[in-house]
Amino acid sequence: MDAHAPLQIDTFLPYMRDVSRCEQSLRELNLIWRMIEASAKMNCPVEAKAILPTMAATRAGFNRLEQELVTSLVREKVANVLEEIGTKAQYVIDIVVRNLYERTADVGFLATDRELCTFVAGIHDERDMIRARLRAYRNKYTVYDEIILLDTAGNVLVQIGESTPLEGSTDPLLEQTLESDTYVETFRATDLRPGKHEALIYSRRMHHPETGEVVGVLCLCFHFEEELAGIFRSHRDPAERSNMLLLDGGNRVIASADPRWIPVGAVVPVNRDAEPKLVVYGGREYLARTFSADGYQGYMGPPGWQGQVMIPVELGFTGLATNALTSLDAHVADGLLSHAESFCPPLFEIMSAAETIRRVVWNGQVMTAGQNGELLKLKTILEQISETGARSNELFSQSIRDLYETVLSSSLSDSEFVSHLMVDLLDRNLYERSDDCRWWALTPELQVALADPHKSAQTVARITEILDYINSLYTVYTRIFVYDRDGIIVASTDFKGDGLQVIGTSIDARTLEAVVALTNDQQYYVSPFEATPLYGGRPTYVYHAAIRHPENEFSVVGGIGIVFDAAPEFSAMLKGALGDKKDVSALFVDRDGHIIASTDASRPVGTQLEIDGELLALPNGSSTSRIVIHDGHYAILGCTVSHGYREFKTSDGYREDVIAVVYNAFGEERRQSGNGKHVNAVLEVDPAAPAGREFATFFVDGSLFAIAAEYVQEALPASAISSMSMGSRAERIGILALNHDGESRRFVWVFDLGHLMRGTKSEIDSSSQVIVVQRDGKSIGLLVSELHGVPEFQPAQIVPTPLAAPETGMLVTEVIQANRGELLIQAINIDHLFAVLNGEEIPIDPAMKIAA
């Protein structure tokens, strides 16, 4: 969906209850902010002077960002739905086009079959033999439900179907086919298929085998209804919230996943540009995506055909699981959330405003620490601001979480679907390969030639001519070759011009043994996916079928091998399934994790994919998805195990499981999280307790720390740090300007407190703050993960730890036991802190006065 496309918010908002609740909460918070601001102005205008501008700016920000936030939430949800149904709509048309491309090759080759041409030319009249040959073809290419041979006058010479016997046809496609030197594709009602409302037929004229005269027409009738029903059954939304459709060029439905809902023949509205709009059909509003064919091997499919998916708007934003984050390890979930800014900037602007509020309150609490009189009024205002800020932050955090749940759940579902599509493309493609080798092995001229122990040069030339013609029609093979009973290759194509000399070489003994052991013409053998000299030393599958003696079907006289062009074909499958998705990689692997194909240049074919063994052991046909760490990034993993297509890998005895794997990257892994959600940081307050000692509290890596409030001056956003490289200690990360009314500009060094404690650099995010502390007239800044509060603690709660000398680097010398000892807060010793950092001085610059 175009991010700049106009979006009618009010159209979609009634169907998004969670967004409506968020909008209502924002309005309520806006009102509360106004009340607090008014109270501060009336009760303590002087004391609140420092915070009133920030409050006014925050309230103005709420007014501005409220609509932007709602717009972003709505836009993201609509985009997710359009992306989901768009993937499926594109699949419908792409898989149909890929399938029909094979049909154009089939009719071209079968129309030149010498046995069939001889019969149609009237040279012999062995109708039963021809019918048996056509049925043998149908038994291999099971996508056809009828095959018909006609003469030039339209008389039916033979057909394989018995339920609708035909005498002849007057359909105009016959004349069109007779006049064409290529195939003719027809989809409409026809007298050739009287029992069907519409039929998809591929026809090609046939020639006299000796004179070349046009003698008749071959019609291959594609089992359109069965094929589309299989696509819909396999890939439609299991909850049946949407409907998958195939449309013609006039936007008329020619196939429907649920014809009772949207019937064949209906004309429906389309959305080819992924616009965030509703379309109306039958008095009901829908979100829809429409795709035309991208084409395959130069074939664009029947003119105008389109794939479309439609989902009622009232169902579009329901049905997705919402526990993607809650099911994750907390560190992974927090790391993922830290990348949420990329998909909802307005939400993060509001979060930044909330951080500003928290910092203002924290600074105010520091300022009023140990004070009384009129400043107590300000304390009350600060408590109100703090409470409202906490509510705001909770709302925004939940909004981020809800939106990210939507994004992740949609991505999990989409990754599963894409992986399912990948193995479906693979199984459908390789199904055709198993058909091809078996049918070509039945070519009479090949049978006769290999049965002759003394093959003349003329015979070998004729075999090569036949193979070259086949390869010109079926371009997914780099080589088609035949070999004799001893496994010696006697003829071969070189379709890709690789120059490999294979004639006279032998196939491997394992393959020869397997081919000779094939007992009938329905069986075939596929070599393992491994490097082979027949493919220039690269790995691929080679399909084999036995060539039998023309007079004794039980005698194997040789075989035919077809070398699948695995590298570009598998690559095209993966890229076709991914479409224009960004930051997504895809692979095919076997049950052992060996890579068969990959879009990831760092994981080439033949290497091992590091993946959970549970995924490699999934049952055939099953899919799953999960969130993983992949190459140092958070990623959605989707995978599906191949399940076969028609009889291929299901009932034909061949077993070669392939697993499709998809990785959708969401951003770099972040090991430290600054959101402070790793401990329960809500402090219990005893109203009856006497005044205690006040501490400024804050988070580092999710743990709560404290510094005595009398040493703390203020907190400033970490975004204000200016980096400086002076070749000093790694913990010193830059300088920070202090701007106080009535004072000249001062600067302090900033040290990474987390780095001081753990020895590794901290990551700075929108929650990161710098606390300025002062001792004996010297000030420094401390980078922390997040601010907390300025609470009071009783002396009995402050427990000393075994003291360590400053030179040891130990900064924590006391532990505060809060919440009846259930929450421990580490108190940093300010003397030890300055001792550890002793000697760090900023060079004097005439343009600035250093804090000292």
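Residues numbered from 1 in each chain as written. Predicted model: local features only at pLDDT ≥ 70, side-chain atom pairs only at ≥ 80, totals over all residues. Heavy atoms only, no water.

1. What to know about the overall build of the protein chain
- Secondary structure assignment for the protein chain yields 18 helices and 35 strands.
- Excluding contacts between residues fewer than 6 apart, the proportion of contacts in the protein chain whose partners are at least 24 apart in sequence is 64%. (Helix = DSSP H or I, 4+ residues; strand = E, 2+ residues; numbered from the N terminus. Contact = heavy atoms within 4.5 Å.)

2. Looking at the packing of aromatic side chains
- Counted under the stated rule, the structure contains 29 aromatic pairs.
- For the ring pair Phe-698 and Phe-705, a centre distance of 6.4 Å and an interplane angle of 15° mean the geometry is stacked.
- Looking at Phe-698, the relative accessible area reads 1%, which means it is buried.
- Judged by its relative accessible area of 4%, Phe-705 falls in the buried class.
- A cation sits over an aromatic face here: Arg-732 above Trp-749, 3.7 Å from the ring centre. (Phe/Tyr/Trp six-rings, centres within 6.5 Å; stacked < 30°, edge-to-face > 60°. Buried < 20%, exposed > 50% of the residue type's maximum accessible area, 1.4 Å probe, protein only. Lys NZ or Arg CZ within 6 Å of the ring centre and 35° of its normal.)

3. Re the pattern of salt bridges
- In total, this model carries 47 salt bridges according to the counting rule given.
- Across the pair Lys-196 and Glu-225 runs a salt bridge, and its minimum N-O distance is 2.9 Å. Remark: Glu-225 occurs in helix 7 (residues 224–235) and Lys-196 occurs in the loop between strand 3 (184–188) and strand 4 (199–207); sequence separation between them is 29 residues.
- For Arg-462, the salt bridge identified is with Glu-445, shortest N-O distance 2.9 Å. Here Glu-445 lies in helix 12 (residues 444–451) and Arg-462 lies in helix 13 (residues 457–473), a separation of 17 residues in the sequence.
- A single network of salt bridges, built from pairs that share partners, joins Asp-145, Glu-146, Arg-193, Lys-196 and Glu-225. (Salt bridge = Lys/Arg side-chain N within 4 Å of Asp/Glu carboxyl O.)

4. A short note on helix 15 (residues 566–578)
- Here helix 15 is 13 residues long and its end C-alpha atoms lie 18 Å apart, about the 18 Å a rise of 1.5 Å per residue gives.
- Within helix 15, burial applies to Ala-566, Glu-569, Phe-570, Met-573, Leu-574, Ala-577 and Leu-578.
- Gly-579, located one to two residues past helix 15, shows a positive phi value of around 60°. (Expected span 1.5 Å × (residues − 1).)

5. Quick notes on the side chain of Ser-492
- Here Ser-492 shows up in strand 12 (residues 489–492).
- Separated by 3.4 Å, the side chains of Ser-492 and Arg-479 make a polar contact.
- With residues near it in sequence (within four places) discarded, Ser-492 still touches Thr-464, Leu-467, Arg-479, Ile-480, Phe-481, Val-502 and Ile-503. (Polar contact = N/O pair within 3.5 Å; in protein donor to acceptor, adjacent residues only side chain to side chain.)

6. Considering the packing of helix 12 against helix 13
- Interaxial distance between helix 12 and helix 13 falls to 10 Å at its minimum, and their mutual angle equals 150°. In terms of orientation, helix 12 lies roughly antiparallel with respect to helix 13. As for the relative orientation of helix 12 and helix 13, their crossing is left-handed in sense. Between helix 12 and helix 13, the residues in contact are Glu-445, Leu-446 and Ala-449 and Thr-459, Arg-462, Ile-463, Ile-466 and Leu-467, respectively.
- Among the residues forming the contact of helix 12 with helix 13, the class breakdown is five nonpolar, one polar and two charged. (Axes fitted to C-alpha atoms, helices over the stretch in contact; angles between N-to-C directions. Parallel < 35°, antiparallel > 145°, perpendicular 65-115°, else oblique. Left-handed = near helix turned anticlockwise from the far one by under 90°. Nonpolar A, V, L, I, M, F, W, Y, C, P; charged D, E, K, R; others polar.)

7. Examining the sheet that holds strand 18 (residues 584–589)
- The five strands are arranged 19-18-22-21-20 in an open sheet whose pairing can be described as antiparallel. Where the open sheet ends on each side, the last strands, each with one partner, are strand 19 (595–598) and strand 20 (623–630). Direction aside, neighbouring strands of the sheet carry axes that sit 25° apart on average.
- Packed on one face of the sheet, helix 9 (residues 330–337) meets strand 20, strand 21 (633–641) and strand 22 (659–668) and runs near 110° to strand 21.
- Sitting on the sheet, helix 15 is in contact with strand 18, strand 19 and strand 22, with an inclination near 140° to strand 18. (Pairing = 2+ DSSP bridges.)

8. A closer look at unusual backbone geometry
- Positive phi outside glycine occurs at Asp-701, with the angle close to 55°.
- Tracing the backbone through its elements, the reader meets Asp-701 in the loop between strand 23 (693–700) and strand 24 (703–708).
- A positive phi is found at Arg-820, a non-glycine position, where the angle reads about 60°.
- Mapped onto the elements, Arg-820 comes out in the loop between strand 33 (812–818) and strand 34 (823–828).
- Of the residues examined, Arg-820 reaches a relative accessible area of 66% and is grouped as exposed.

9. Notes on the nonpolar core
- Ranked by size, the top nonpolar core spans 147 residues in total, and within it Leu-149, Trp-440, Phe-570 and Phe-588 carry the most contacts.
- Here this core gets 21 residues from one element, more than from any other, and that element is helix 3 (residues 52–110).
- The contact partners of Phe-570, leaving out residues within four places of it in the chain, are Leu-426, Phe-529, Tyr-541, Phe-564, Phe-588, Ile-596 and Ala-597.
- Val-700, Ala-715, Leu-756 and Leu-833 belong to the second largest nonpolar core, which has 33 residues in total. (Core = buried A, V, L, I, M, F, W, Y, C linked by side-chain atoms within 4.5 Å.)

10. Description of the environment of Thr-186
- Examined against the element boundaries, Thr-186 turns out to sit in strand 3.
- Assessed through its relative accessible area of 7%, Thr-186 is described here as buried.
- Each C-alpha atom, one on Thr-186 and one on Ser-203, is 8.2 Å from the other, the two residues being 17 residues apart in sequence.

11. What to know about the pairing of strand 18
- Along strand 18, six of the six residues are buried, which leaves the element largely enclosed by surrounding structure.
- Side chains Val-584, Ala-586 and Phe-588 project from strand 18 onto one buried face, and the interleaved Ser-585, Leu-587 and Val-589 project onto a second face that is buried too.
- Bridging between strand 18 and strand 22 involves six bridges; their strand directions are antiparallel. Looking at the pairing, Phe-588 lines up with Ala-660 of strand 22.
- Pairing geometry for strand 18 and strand 19, over three bridges, is antiparallel. Note on strand 19: the bridge partner recorded for Phe-588 is Ala-597.
- Counting the residues between successive antiparallel strands, the hairpin from strand 18 to strand 19 contains five residues, one of them, Gly-593, with a positive phi of roughly 85°.

12. Comments concerning the sheet that holds strand 4
- If you trace the five strands from one edge of the open sheet to the other, you get 2-1-5-4-3, paired in antiparallel fashion. In this open sheet, the two edge strands, each paired with only one partner strand, are strand 2 (156–159) and strand 3. For this sheet, the mean inter-axis angle between neighbouring strands, taken without regard to orientation, is 25°.
- Both strand 4 and strand 5 (residues 214–222) contribute to a ladder of eight bridges, which runs antiparallel. Note that in strand 5 the partner of Ser-203 across the bridge is Cys-219.
- Helix 5 (residues 127–140) contacts strand 1 (144–151), strand 2 and strand 5 of the sheet and is inclined by roughly 145° relative to strand 1.

13. Details of helix 14 (residues 509–516)
- Turning to helix 14, its buried residues number three or more, namely Thr-511, Leu-512 and Val-515. One side of helix 14 carries all its buried residues, which in axial view fall inside an arc of 100°. Seen from the open side of helix 14, the exposed residues pointing more than 90 degrees away from its buried face are Ala-509 and Glu-513.
- Close packing links the buried residues of helix 14 with strand 11 (477–484), strand 13 (525–526), strand 16 (542–549) and strand 17 (552–564). (Arc of directions from axis to C-beta.)

14. Some remarks on the confidence of the model for the protein chain
- For the protein chain, the mean per-residue pLDDT works out to 88, and 90% of the residues sit at or above 70.
- Taken as a whole, residues 673–678 scores under 50 in pLDDT and shows 18 contacts with residues more than four places along the chain or in a different chain.
- Confidence drops under pLDDT 50 across residues 840–852; counting only partners more than four residues distant or on other chains, this segment forms 28 contacts. (pLDDT = per-residue confidence, 0-100.)

15. Considerations on the environment of Thr-380
- Topologically, Thr-380 is positioned in helix 11 (residues 375–440).
- Separated by 340 residues in sequence, Thr-380 and Ala-40 have C-alpha atoms that sit 9.4 Å apart.

16. Let's talk about the environment of Gly-249
- With respect to the helices and strands, Gly-249 occurs in the loop between strand 6 (243–247) and strand 7 (253–256).
- Taking the C-alpha atoms as reference points, Gly-249 and Pro-303, 54 residues apart in sequence, are found 6.7 Å from one another.
- In this view, Gly-249 contacts Pro-303, Gly-304, Trp-305 and Gln-306; residues no more than four positions away in its chain are not counted.

17. What about the pairing of strand 22?
- Counting buried residues in strand 22 gives eight out of 10 residues, a clear majority hidden from the surface.
- Bridging between strand 21 and strand 22 involves nine bridges; their strand directions are antiparallel. Residue pairing for strand 22: Gly-638 is matched across the bridge by Val-662.

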